[in-house]
Amino acid sequence: MTHHDPPGLIAPHIPADTYRQAQTTGQPVVIVVNTTNPNAFPWRRIMTALAVAGAAALGGWGLVVALCALLDAAAHTATVIAGAAGPIGFGGITLRLARTKHL
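By convention here, each chain's residues receive numbers from 1 onward along its written sequence. Predicted model: local features are reported for residues with pLDDT of at least 70 only, side-chain atom pairs are reported and counted for 80 or more only, and whole-chain, interface and lining totals are derived from all residues. Side-chain figures throughout are based on the complete set of non-hydrogen atoms in the structure, without hydrogens or water.

Peer 1: Outline a nonpolar patch on the surface, supporting the account with residue identities and numerical values.
Peer 2: Patches in this entry comprise residues that are over 30% relatively accessible and not in a salt bridge; like charges within 9 Å are linked, as are nonpolar side chains (Val, Leu, Ile, Met, Phe, Trp, Tyr) within 5 Å. Under the convention used here, a 1.4 Å probe and the Shrake-Rupley method define accessible areas, while residue burial counts only the protein chains that appear. For this document, the term salt bridge refers to a Lys or Arg side-chain nitrogen within 4 Å of an Asp or Glu carboxyl oxygen. Judged by side-chain polarity, Ile14, Tyr19, Val29 and Ile31 come together as a nonpolar surface patch covering roughly 330 Å² of accessible area. Each helix is a run of DSSP H or I of at least 4 residues and each strand a run of E of at least 2, with the numbering of both proceeding from the N terminus. Inspection of the secondary structure puts isoleucine 31 in the loop between helix H1 (16–25) and helix H2 (43–85).

Peer 1: So what's going on with the packing of aromatic side chains? Residues and values would help.
Peer 2: Both the distance between ring centres and the angle between the ring planes are used here to describe each pair of aromatic rings. When the centres of two rings from Phe, Tyr and Trp lie within 6.5 Å, Trp using its six-membered ring, the rings pair. Their planes under 30 degrees apart give stacked, over 60 give edge-to-face, and anything left gives tilted. A full pass over the atoms with the stated rule returns one aromatic pair. Here the aromatic rings of phenylalanine 41 and tryptophan 43 are separated by 4.9 Å at their centres, their planes lie at 65 degrees, and the arrangement is edge-to-face. Like tryptophan 43, phenylalanine 41 is exposed. Burial status follows relative accessibility: with a 1.4 Å probe on protein chains alone, a residue under 20% of its type maximum counts as buried, one over 50% as exposed, and anything between as partly exposed.

None of the figures reported here should be taken as evidence of function without further support.
Now the structure itself:
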């Protein structure tokens, strides 16, 4: 008859002859249990990947915000310069670069 173990983890056991020999001689029995589960989920590897991806995403958003701030400053600068310059004429065509504010 063949012996089949049930599925899942089985508790470690001591063979009977080793146990009886240790009982008669008074030797201590050392049981070594492997605590690392080969089916365990690799949390450290996944958290490292998530941290790298999060840092890259935050860096990308930081670049977008910096670009928006730079374009906003450039637009305000162009508006101030155009308002200070007044109308520009070339060959009889006059172009107003900024509207005057009527209060």
